[in-house]
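Remarks on the overall topology
These are the residues of each chain, in order.
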Amino acid sequence: MSYFFWKWLHIIAIISWMCGVLYLYRLLIYVKEKGPSDAGVHQVLGLMAHRLYKFITVPAMIVAAVAGAMMIVLNPGFLQQSWLQLKLLMVLGLVGLTLWSGHLKEIGRQDANTLPRSKTLRILNEVPTLLMMIIVWLVVTKSIG
Ligand code: HEM
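Only a predicted model underlies this, so the values are computations on that prediction, with no experimental measurement involved.

**Looking at the packing of aromatic side chains**
For any two aromatic rings, the description comes down to two numbers: the centre-to-centre distance and the angle of the planes. All told, the structure shown has 4 aromatic pairs when counted by the stated rule. When the centroid spacing of 6.5 Å and the interplanar angle of 80 degrees are considered together, the rings of Tyr-3 and Phe-4 count as edge-to-face. Taking relative accessible area as the criterion, Phe-4 reaches 66% and is therefore assigned exposed. Judged by centre distance (5.1 Å) and plane angle (75 degrees), the ring pair of Phe-5 and Trp-6 falls under edge-to-face. For Trp-6, a relative accessible area of 14% translates into the label buried. Of the aromatic side chains, those joined through ring pairs into one cluster are Phe-5, Trp-6 and Trp-8. Directly above the aromatic system of Trp-83 lies the positively charged group of Lys-142, at a separation of 4.7 Å from the ring centroid.

**Some details on the environment of Leu-86**
Of note, Leu-86 is situated in helix H3 (residues 82–110). Considering only alpha carbons, one finds Leu-86 and Leu-138, 52 residues apart in sequence, at a separation of 8.1 Å. The contact partners of Leu-86, leaving out residues within four places of it in the chain, are Leu-138 and Ile-144.

**A word on the site of the ligand**
The environment of the ligand is formed by 20 residues, the closest being Tyr-3, Lys-7, His-10, Lys-87 and Lys-142. Between the ligand and Tyr-3 there is a distance of 2.4 Å, counted from an oxygen atom to a side-chain nitrogen or oxygen. Interatomic distance of 2.8 Å between a side-chain N/O atom of Lys-7 and an oxygen atom of the ligand. Those elements giving two or more residues to the shell around the ligand turn out to be helix H1 (3–34), helix H2 (39–74), H3 and helix H4 (118–141). Per-class residue counts for the shell around the ligand are 15 nonpolar, 2 polar and 3 charged.

**Considering unusual backbone geometry**
The phi dihedral of Lys-142 falls on the positive side, at around 50 degrees, and the residue is not glycine. Tracing the chain through its elements places Lys-142 in the segment after H4.

**Things to note about the pattern of salt bridges**
Counted by the stated rule, this structure contains 3 salt bridges. When the shortest N-O distance is used, the salt bridge between Glu-106 and Lys-105 registers 2.7 Å. Looking at Lys-105, the relative accessible area reads 5%, which means it is buried. Measuring nitrogen to oxygen at the nearest pair gives 4.0 Å for the salt bridge that ties Arg-109 to Glu-106. Of this pair, Arg-109 and Glu-106 both sit in helix H3, 3 residues apart, which is roughly one turn of the helix. Since its relative accessible area comes to 32%, Arg-109 is described here as partly exposed. On the basis of relative accessible area, Glu-106 is assigned to the partly exposed category, the value being 29%.

Criteria and cut-off values
- Residues numbered from 1 in each chain as written.
- Predicted model: local features only at pLDDT ≥ 70, side-chain atom pairs only at ≥ 80, totals over all residues.
- Heavy atoms only, no water.
- Phe/Tyr/Trp six-rings, centres within 6.5 Å; stacked < 30°, edge-to-face > 60°.
- Buried < 20%, exposed > 50% of the residue type's maximum accessible area, 1.4 Å probe, protein only.
- Lys NZ or Arg CZ within 6 Å of the ring centre and 35° of its normal.
- Helix = DSSP H or I, 4+ residues; strand = E, 2+ residues; numbered from the N terminus.
- Contact = heavy atoms within 4.5 Å.
- Near = heavy atom within 4 Å.
- Polar contact = N/O pair within 3.5 Å; in protein donor to acceptor, adjacent residues only side chain to side chain.
- Nonpolar A, V, L, I, M, F, W, Y, C, P; charged D, E, K, R; others polar.
- Salt bridge = Lys/Arg side-chain N within 4 Å of Asp/Glu carboxyl O.

Laid out in structure tokens, this is it:
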């Protein structure tokens, strides 16, 4: 497969992964705020979060990582470049936040009251956005300063 194919796939998968993780944290805020007072809403939001995580966010994250790894295999010199090393560190943070959103959505499905405070979830919701902004800056400039 050509380098451009993997880059194309990487970008599409990244878009899906980011949509998934950003919306998941938003859904968790709704679960926390609206879930305890309305069982029907709680169930629908829980199901939405579950399907978004299982069928879009995690598969897209895996495809993005495989496509990214393939570009490195085809161009191993990238690994010596500090922008990529820093990017991979940020990516680890994004993977962690994605897996954590999966854990939180399970907690929220069982009992919305046991989720972290709404304010904490709102702050958490901003972290993937911030990491994404830094990562895209790194890949665009290919420099760390
Ligand atoms: C999952 C692990 C990841 C790996 C191993 C990886 C690796 C790579 C590599 C090697 C390139 C090629 C750079 C080039 O040819 O110029 C690339 C491009 C890119 N990556 Fe990633 N990446 C990963 C995750 C991410 C994430 C999480 C984002 C955004 C949030 C991202 C955004 C991009 C973008 C926008 C490009 C295209 C850059 C360009 O064409 O100038 N990547 N990635």
